[in-house]
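# Summary of structural features
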Amino acid sequence: MIDSWTARDAAALLRPPGQHDDKYRRGVLGVRTGAAHFPGAAVLGVSAAWRAGAGMVRYVPPVDDSAPPFGLPTAAAAVLAARPETVFGPPAGKPCDAWLIGSGTDASTRSAPETRELATLLAGDAPVVVDAGALDLVGGGAAGASHAAPAILTPHGGEFERLWRAAELGDFPEGWEPRGSDSSPRAAAASRLAKTLGVTVLLKGSLTICATPSGWVRSVGPATPWLASAGTGDVLAGIIGALVAGRADDVRNDADFLGQLGATAALLHDYAARHAAGDADATGAGRPITAGDVAAAIPVAFAALIAAASA
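Our subject in this report is the structure included herewith. Computed from a prediction, not measured in an experiment: that's the story for all the values here.

To continue, consider helix 9 (residues 257-277). Compared with an ideal rise of 1.5 Å per residue, which puts 21 residues at 30 Å, helix 9 spans 31 Å between its outermost C-alpha atoms and is within 8% of the ideal. Of all 21 residues making up helix 9, 18 are buried, and the element is well covered by its neighbours. Remark: Gly278 follows helix 9 within two positions and exhibits a positive phi of approximately 70 degrees.

Positionally, Asp279 belongs in the loop between helix 9 and helix 10 (291-296). One buried charged residue, Asp279, forms no salt bridge at all, with the nearest opposite charge on Arg274 at 6.4 Å. If we skip the residues at most four places from it in the chain, Asp279 touches Thr224, Pro225, Trp226, Arg274, Gly284 and Ala285.

A few words on the pattern of salt bridges. Across all of its chains, the model carries ten salt bridges by this definition. As a salt-bridge pair, Glu114 and Arg32 come within 2.7 Å of each other at their nearest N and O atoms. Taken together, the residues Glu114 in helix 4 (residues 112-122) and Arg32 in strand 1 (residues 28-32) connect sequence positions 82 residues apart. Comparing Glu114 with Arg32, the two get one shared label, buried.

Following Gly221, the chain continues to Pro222 via a peptide bond in cis, the omega torsion being 5 degrees. Look at Asp64: it is not a glycine, yet its phi comes out positive at around 55 degrees. For Asp64, the location among the structural elements is in the loop between strand 2 (56-59) and helix 3 (75-82). Given a relative accessible area of 58%, Asp64 falls into the exposed group. Phi at Ala132 takes a positive value of approximately 45 degrees, unusual for a residue other than glycine. Relative to the helices and strands, Ala132 is located in the loop between strand 5 (128-130) and strand 6 (151-153).

So, on to the layout of surface pockets. It is the rolling of a water-molecule-sized probe over the atoms that shows where space remains empty. In this model, the largest pocket occupies a volume close to 750 Å³. Of all the elements in the fold, those that place two or more residues in the lining of the largest pocket are helix 5 (157-166), helix 7 (232-246) and helix 9. Taken together, the residues of the lining of the largest pocket break down into ten nonpolar, 13 polar and six charged. Taken as a whole, the second largest pocket holds about 280 Å³ of empty space. Contributing to the lining of the second largest pocket are 20 residues, with Ala35, Asp65, Asp106, Thr109 and Arg110 lying nearest its centre. Here the lining of the second largest pocket is composed, by residue class, of six nonpolar, eight polar and six charged.

Right, let's talk about the sheet that holds strand 3 (residues 87-88) for a bit. Strand order in the open sheet formed by nine strands is 3-2-1-4-5-6-7-8-9, with mixed pairing between adjacent strands. Since the sheet does not close on itself, it has two edges, and those belong to strand 3 and strand 9 (217-220), each with one partner. Relative to strand 9, strand 8 (residues 208-211) runs antiparallel, the two sharing four bridges. In the sheet register, Cys210 faces strand 9, and the bridge partner there is Arg218. This element, helix 6 (residues 183-197), spans strand 6, strand 7 (200-203), strand 8 and strand 9 of the sheet and lies at about 35 degrees to strand 8.

Running from N to C, helix 5 and helix 6 cross one another at 50 degrees; their axes reach a closest spacing of 11 Å. By the angle class used here, helix 5 and helix 6 are oblique. As helix 5 packs across helix 6, the resulting crossing turns out to be left-handed. Here Phe160, Leu163 and Trp164 of helix 5 come into contact with helix 6, specifically with Ala189, Ala190, Arg192 and Leu193. By residue class, the composition of the contact of helix 5 with helix 6 is six nonpolar, no polar and one charged.

Attention now goes to the environment of Leu122. As for its position among the elements, Leu122 is in helix 4. For the pair formed by Leu122 and Val201, sequence separation is 79 residues and the distance between their alpha carbons is 15 Å. Residues within four places of Leu122 in sequence aside, it is in contact with Val128, Val130, Leu137, Val138, His147, Ala148 and Ala149.

Time to look at the pairing of strand 1. Burial runs high along strand 1: five of the five residues are buried. Burial along strand 1 is two-sided: the residues Val28, Gly30 and Arg32 and Leu29 and Val31 are all buried. Where strand 1 lies against strand 2, four bridges are found, and the strand directions are parallel. Residue pairing for strand 2: Val28 is matched across the bridge by Met56. Direction of pairing for strand 1 relative to strand 4 (residues 98-101): parallel, over a ladder of four bridges. Bridge pairing links Leu29 to Ala98 in strand 4.

Reading guide: rules and limits
- Residues numbered from 1 in each chain as written.
- Predicted model: local features only at pLDDT ≥ 70, side-chain atom pairs only at ≥ 80, totals over all residues.
- Heavy atoms only, no water.
- Helix = DSSP H or I, 4+ residues; strand = E, 2+ residues; numbered from the N terminus.
- Expected span 1.5 Å × (residues − 1).
- Buried < 20%, exposed > 50% of the residue type's maximum accessible area, 1.4 Å probe, protein only.
- Lys, Arg positive; Asp, Glu negative; His and termini not counted.
- Salt bridge = Lys/Arg side-chain N within 4 Å of Asp/Glu carboxyl O.
- Contact = heavy atoms within 4.5 Å.
- 1 Å grid on protein atoms, 1.4 Å probe; cavity = no way out; pocket = protein on both sides within 12 Å on 5 of 7 lines; lining within 4 Å.
- Points joined across faces, edges and corners; volume = space filled by probe spheres on them.
- Nonpolar A, V, L, I, M, F, W, Y, C, P; charged D, E, K, R; others polar.
- Pairing = 2+ DSSP bridges.
- Axes fitted to C-alpha atoms, helices over the stretch in contact; angles between N-to-C directions.
- Parallel < 35°, antiparallel > 145°, perpendicular 65-115°, else oblique.
- Left-handed = near helix turned anticlockwise from the far one by under 90°.

Printed below as a string of structure tokens:
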């Protein structure tokens, strides 16, 4: 039986600002997401990071990206239009406390200079949230690159299977299903991949599993089925990034702390979706929602999660 991550567990890690905080103390998140075809992923991740309590979000566009098709704006222009409080460009002075990379990108079209920039982040000491099109950079086997930074990977079932095969781990645990809800095979698989790659793995799904290299593992969910919508993973990645940036020193002291932050982000993500959909019991009741609705509901969910833990 896998222990569940509870509202009380999560609330202990949610960090309201104090009287002596400023934007830097609350955490600076660097974001390298979005691409010519998927500028919306950058908007969703940045929006979620702001709403989850980041003190500053710095957006850095991909290097040598192709021109946007279909009359789309660049990812940077889309982020500016949606979140004008965002800072743009690589940090020239104070480094970012944490980074979010990969959402809305495709490894097959990523430029060589952008790959080098991402590899530099993974070789640094700031924690990195690795999503979607950057997962190959910590993928094990011939595809993966070495990394020194504390990292949390956020694959869905299909991405997880590609990581597993790249790491040459052989057969999946008995009962494994990429979209399954049986916690035992999902936890066994996530734990083994985390140990092999030396990273925290947050295996997304209706039942999300978060596992660290040391063997710490928790389940989150089942989540509201309304989360099965395009872009919600980008929102989750932004939430994780904000929480990690705000506790970066704790992560540097103990990389396993990424597991607790990842599980907390997954629960906050579900709370936001339940609020947006009107599905408090995660039964599928309520109404359809978009990823943007989930991002917009994060502040209310933040307060509700703390309230639920103290009830």
